[in-house]
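Notes for the structure review
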Amino acid sequence: MTLRIDIPDGADPIPYVWGDMVPEIGMAASNFSLAVYAHTSLGLREFEAARLRIAQINGCVFCLDWRTERDGRKVEDGFAEAVTSWRTTDAFDARTRLAAEYAERYALDHHGLDEEFWGRMTAHYSQAEIVELSMSIGSWLAFGRLNHVLGLDGVCVLPQR
């Protein structure tokens, strides 16, 4: 995809767009995005199932390549493929499957979140976890789309570990 924003020679596109171009908004957005990772109480598999489902829907190249790491651990190889087939995979427990389902429905049919769905969510997630997951999905949906629409996802570089 083509960059939709002019980036000065030598500037790193993400910090330039998010920080230099609109510092008051960009820094707030960046802090929110970072807080989702730094302060989550959700399990790694649930977190990654929702995050990857949004990345798949958004088509954000950077987000699709990213794997969240906690305490030196990441989800197993093949996890992203399991997220794609969240309805039928045997790799997920109920909470992980619900996280992928919620992410998909949040992104594609938020008006269709019915009482049956909420009954399943409240059976497996606390109220605080539902709010946290909702805010996380909102962050990934908004910022993944922003980066994709502006063409930034194709020029982002994963940090070397």
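Notes on the structure follow.

Rules used throughout
- Residues numbered from 1 in each chain as written.
- Predicted model: local features only at pLDDT ≥ 70, side-chain atom pairs only at ≥ 80, totals over all residues.
- Heavy atoms only, no water.
- Patch = residues over 30% accessible without salt bridge, like charges linked within 9 Å, V, L, I, M, F, W, Y side chains within 5 Å.
- Areas by Shrake-Rupley, 256 points an atom, 1.4 Å probe, with all protein chains shown as cover.
- Salt bridge = Lys/Arg side-chain N within 4 Å of Asp/Glu carboxyl O.
- Helix = DSSP H or I, 4+ residues; strand = E, 2+ residues; numbered from the N terminus.
- Buried < 20%, exposed > 50% of the residue type's maximum accessible area, 1.4 Å probe, protein only.
- Phe/Tyr/Trp six-rings, centres within 6.5 Å; stacked < 30°, edge-to-face > 60°.
- Lys NZ or Arg CZ within 6 Å of the ring centre and 35° of its normal.

A grouping of M21, V22 and I25 is seen on the molecular surface, where their side chains present a nonpolar patch of about 280 Å² in accessible area. Along the chain, the position of I25 falls in helix α2 (residues 23-38). According to the relative accessible area criterion, I25 is exposed, its value standing at 64%.

Let us look at the packing of aromatic side chains. Under the defined criterion, the tally for this structure stands at 11 aromatic pairs. For the pair F79 and F92, a centre-to-centre distance of 5.2 Å together with 45° between the ring planes defines the contact as tilted. Of the two residues, F79 is situated in helix α5 (residues 79-84) and F92 in the loop between α5 and α6 (94-108); the sequence distance between them amounts to 13 residues. Residues F79 and F92 agree in their burial class; the two are buried. Put simply, the rings of Y102, Y106, F117 and W118 pair up and form one aromatic cluster. The ring of F47 carries R70 above its face, with NZ or CZ at 5.1 Å from the centroid. The residue whose ring lies beneath R95 is Y125, and the NZ or CZ to ring-centre distance is 4.1 Å.

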